[in-house]
Amino acid sequence: MAKSSSLSIRVVEGRALPAKDVSGSSDPYCLVKVDDEVVARTATVWRSLSPFWGEEYTVHLPLDFHHLAFYVLDQDTLGHDDIIGKISLSKEAITADPRGVDSWVNLSRVDPDAEVQGEVSLAVQVLEEARGRCLRCHIRQARDLAPRDISGTSDPFARVFWGSQSSETSIIKKTRFPHWDEVLELRAASGAPAPLRVELWDWDMVGKNDFLGMVEFPAQALLQRPPNGWFRLLPFPRAEEDAGGSLGALRVKVRLTEDRVLPSECYQPLAELLVGSVREPVEEDRASPLALLEELASGDCRGDLATTLVKLFLGRGLAGAFLDYVTRREVSRTTDPNVLFRSNSLASKCMEQFLKLVGMRYLHEVLGPGISRVFEEKKYMELDPSKMDLSRARRISFKGVPSEEQVRDTSLGLLTGYLGPFMDAIVGSVDRCPLALRLVFKQLRRRVEERFPGAGHEDVKYLVMSSFLFLRFFAPAILTPKLFNLRDQHADPQTSRSLLLLAKAVQSIGNLGQQLGQGKELWMAPLHPFLLQSVTRVRDFLDQLVDVDEDEETRGPARALVPPSETVREGYLLKRKEEPGGLASRFAFKKRYFWLSADNLDYAKSPEGQARTSVAVRNIQAVERVDEGAFQLPHVMQVVTRDEAGAQSTTYLQCKNVNDLNQWLSALRKASAANQDKLATCHPGAFRGGRWTCCLQAERAATGCSRTHSAVTLGDWSDPLNPDAEIQAVYRQLLLGRDQLRMKFLEDLNPDLAPEANAGKDPGTADRPSPEALDRQRAAAAHLLQVLEDLDRAHEEFLQRS
């Protein structure tokens, strides 16, 4: 039985942050740490004390996850960034509510004594002797300790307290991975046993020593189950200082999902029910798993459920049939075509998630060049007179301060200059649009034409397609390219305003120009001729998009959203030369262009390079971070491989920033996830000068001093499909509605379903199934409940075995 654990994290916004710059503002960003490892960094929001980030992350974790922390910092161009405050959430705090954490949390001050990390390995014996009790504490080693010195290391020693006695180990300098292998003996007179406390400290020649963490064992545990193994270091017990809101607050959404996935055969009955649901008549389907899930889905969980269902049916080659089912249900219930798919219904969310899962590469190809141009050129554009800054617009004229009319005319030219290439790229992308997307839009358009026939509804078939493709895909990506991985950073305020104007224009085109001249934004009027001209091109584009033969659809289940031969990540990295010789470490790294697919990690001198060197993904044993002190360089990772002859080698790669590092770590770990001979430990340093820089061991073949983190990855659209995990998530969601299903269909006294409940009502308005349909619904509900009970028993049996 496989085990899975994942954190869904959303860093929403901050408020009332203190000013850290002389300008009276700050440039805040957030670091997200899971068990003291940085897994994400938000973009910097420039010149703001109430920043909005809206960034979401999914972090896949091992089941022994302990705590999550958010650090808010102010970015400085010169010197170190200023720490504003932090939020720390334990695993218990996150799971206290099944819905997780969704609230404003005041920032706390960062206390160095509370910033502990790492583990200590020890073994304890308590011996009864004639002179009294003797405690022997074997301090073996520690790993991943906090760096307390400016060099990025520490000078650790251990101090043991037992009753009134204490003893210390030797000091090991310049390491976060000390090996002591020392036995400390403490004696106590007979009497009540005392607890044991082991503290780790960083020795300082000047000033007081710095606390590194502690472990404590009750007296009874020492006698009954003497400690022996690795133990996580903890801070001194103290209440975290809230700061009373003086440091501001952070709004976060966090949810932890932990599950145990059964073997595939256990899910087969539920899978058959789900597959059968999409083939049932939607008008009478009220008791299938999908119908029940639609009723249960609400709020934030609707988006997660939509992603799970789309992935589940993609993995079975039935995504088209599933989307046809959920959209038919919504179309059949909608009487006003003007509101069709305009709400965040399950059908709308499923279509939106399908676009992101299947169409993200297409989106990048179509919009990427235009977005990059807007960011690079940084042109000032504004049509709204109330927002025009004539002094800022001075750069567009060499004849003094321009007038509003001059700014408007110049901005109009710039906007159409950007919109033209955007629209050319979109309407010319028919052949690049994934076949699966085109087929889904074709069947959606057919269903809408059947529901709303006639010349009076001619625009509906276009609007329903453009509402997804333009309003939920292209326009949001232009507005916030960072959230669609089109950029590494959020736009500055001026570029952000330009993107907003462009997104509004694309949204108006997606609405087929129906709302032009209405509402409060009449200042967009100068752009209307261009928008109306583009509407005609969009209609032709949508007609061409659905002009595809349905027989072209690939049958059979998919196992990945990206084929093994396709590149899942690429870009420039700095690679360390195999044998740098006498070169200083920082000059031993050379710029190379890398491509990662499911099969190989390739690199060459440039993207056009023909002479590529290849590393087989199947040979990767570990992908880990490297301490900055190893090469005096940040954002370095290592890829440990073993070739066919059994020889092990390590490739060191430097990334451009912490997010680039995390994304490469995640991509490489996921690509090599199925490898069998993965390493449990590795060295986070480098072997230089005849010893490892991390643990100071002199043998190159010495066992790694730090744990590997192969289970820690970031979720994204290109993740491999996992049908068993996805159907397990569906099962958990169905359990929430089990009682509702039982009461609705199987309770004897159910007035809503009884035929007499609708006696005397207008047959045209009585919303009740026929007796035959009711019997089918009851049978379906009973079948679903039985399947859920069988899965309950399967989980219980596996838990008892384990």
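Reading guide: rules and limits
- Residues numbered from 1 in each chain as written.
- Predicted model: local features only at pLDDT ≥ 70, side-chain atom pairs only at ≥ 80, totals over all residues.
- Heavy atoms only, no water.
- Core = buried A, V, L, I, M, F, W, Y, C linked by side-chain atoms within 4.5 Å.
- Buried < 20%, exposed > 50% of the residue type's maximum accessible area, 1.4 Å probe, protein only.
- Helix = DSSP H or I, 4+ residues; strand = E, 2+ residues; numbered from the N terminus.
- Contact = heavy atoms within 4.5 Å.
- Pairing = 2+ DSSP bridges.
- Axes fitted to C-alpha atoms, helices over the stretch in contact; angles between N-to-C directions.
- Phe/Tyr/Trp six-rings, centres within 6.5 Å; stacked < 30°, edge-to-face > 60°.
- Salt bridge = Lys/Arg side-chain N within 4 Å of Asp/Glu carboxyl O.

Draft legend 1. Representation of the nonpolar core in the model. Within the largest apolar cluster, 114 residues are counted, with the highest numbers of intra-cluster contacts made by Phe322, Leu367, Phe441, Leu469, Phe470, Phe474 and Phe541. It is helix 7 (residues 346-377) that provides the largest number of residues to this core, a total of 16 residues. With near-sequence residues (within four places) excluded, Leu367 lies in contact with Phe422, Ile426, Phe474, Ala477 and Ile478. Within the second largest apolar cluster, 31 residues are counted, among which are Ala40, Phe65, Leu89 and Val254.

Draft legend 2. Spatial organisation of the sheet that holds strand 17 (residues 569-576). What the seven strands build is an open sheet, ordered 20-19-18-17-23-22-21; its pairing is antiparallel. Strands with a single pairing partner mark the edges of an open sheet, and in this sheet they are strand 20 (613-616) and strand 21 (620-626). Taking each pair of neighbouring strands and ignoring which way they run, the sheet shows an average axis angle of 35 degrees. Together, strand 17, strand 18 (589-596), strand 19 (600-604), strand 21 and strand 22 (636-642) form the strand contacts of helix 14 (residues 658-671), whose direction differs from that of strand 21 by roughly 165 degrees.

Draft legend 3. The sheet that holds strand 13 (residues 196-202), seen in detail. Pairing within the open sheet is antiparallel, and its four strands lie in the order 11-10-13-14. In this open sheet, the two strands that pair with only one neighbour each are strand 11 (165-168) and strand 14 (210-217). Averaged over all adjacent pairs, the angle separating strand axes in this sheet is 20 degrees, with direction ignored. The sheet contact formed by strand 13 and strand 14 spans seven bridges and is antiparallel. By the bridge assignment, Arg197 is partnered in strand 14 with Glu216.

Draft legend 4. Looking closely at the environment of Tyr603. When you line up the elements, Tyr603 lands in strand 19. When the C-alpha positions of Tyr603 and Leu573 are compared, they lie 9.3 Å apart, and in sequence the two are 30 residues distant. Other than its neighbours up to four places away in sequence, Tyr603 contacts Lys575, Arg592, Tyr593, Phe594, Trp595, Ala611, Arg612 and Thr613.

Draft legend 5. Here's a closer look at the packing of aromatic side chains. Applying the stated rule across the entire model yields 14 aromatic pairs. Taken together, a centroid distance of 4.1 Å and an interplanar angle of 15 degrees make the contact between Phe211 and Phe236 stacked. Of this pair, Phe211 sits in strand 14 while Phe236 sits in the loop between strand 15 (228-232) and strand 16 (249-261), and the two are 25 residues apart along the sequence. Between Phe631 and Tyr652, the ring centres sit 5.1 Å apart and the planes meet at 70 degrees, which makes this aromatic pair edge-to-face. Taken together, the positions of Phe631 in helix 13 (residues 628-631) and Tyr652 in strand 23 (residues 648-654) put the pair 21 residues apart, joining distant regions of the chain. Accessibility classification places Phe631 together with Tyr652 in one group, the buried group.

Draft legend 6. A look at the side chain of Lys670. One can find Lys670 in helix 14. With near-sequence residues (within four places) excluded, Lys670 lies in contact with Thr713, Leu714, Gly715, Asp716 and Asp719.

Draft legend 7. Spotlight on unusual backbone geometry. Its identity is not glycine, yet Asp36 carries a phi of approximately 70 degrees, on the positive side. If you trace the backbone, Asp36 turns up in the loop between strand 2 (28-34) and strand 3 (37-41).

Draft legend 8. Geometry of the pattern of salt bridges. Using the criterion set out here, one finds 38 salt bridges in the structure. A salt bridge links Glu128 to Arg133; its shortest N-O distance comes to 2.8 Å. Here Glu449 makes a salt bridge to Arg445, at a shortest N to O gap of 4.0 Å. Taken together, the residues span about one helical turn, with Glu449 and Arg445 both in helix 9 (residues 435-451) at a distance of four residues. Overall, Glu449 belongs to the partly exposed group, its relative accessible area being 34%. Overall, the relative accessible area of 11% leaves Arg445 in the buried class. In this structure, a network of salt bridges that share partners links the residues Arg445, Glu449, Glu458, Lys461 and Asp543.

Draft legend 9. Representation of the pairing of strand 19. Burial runs high along strand 19: four of the five residues are buried. Note that strand 18 and strand 19 share four bridges and pair antiparallel. Note that in strand 19 the partner of Phe594 across the bridge is Tyr603. With four bridges joining them, strand 19 and strand 20 adopt antiparallel strand pairing.

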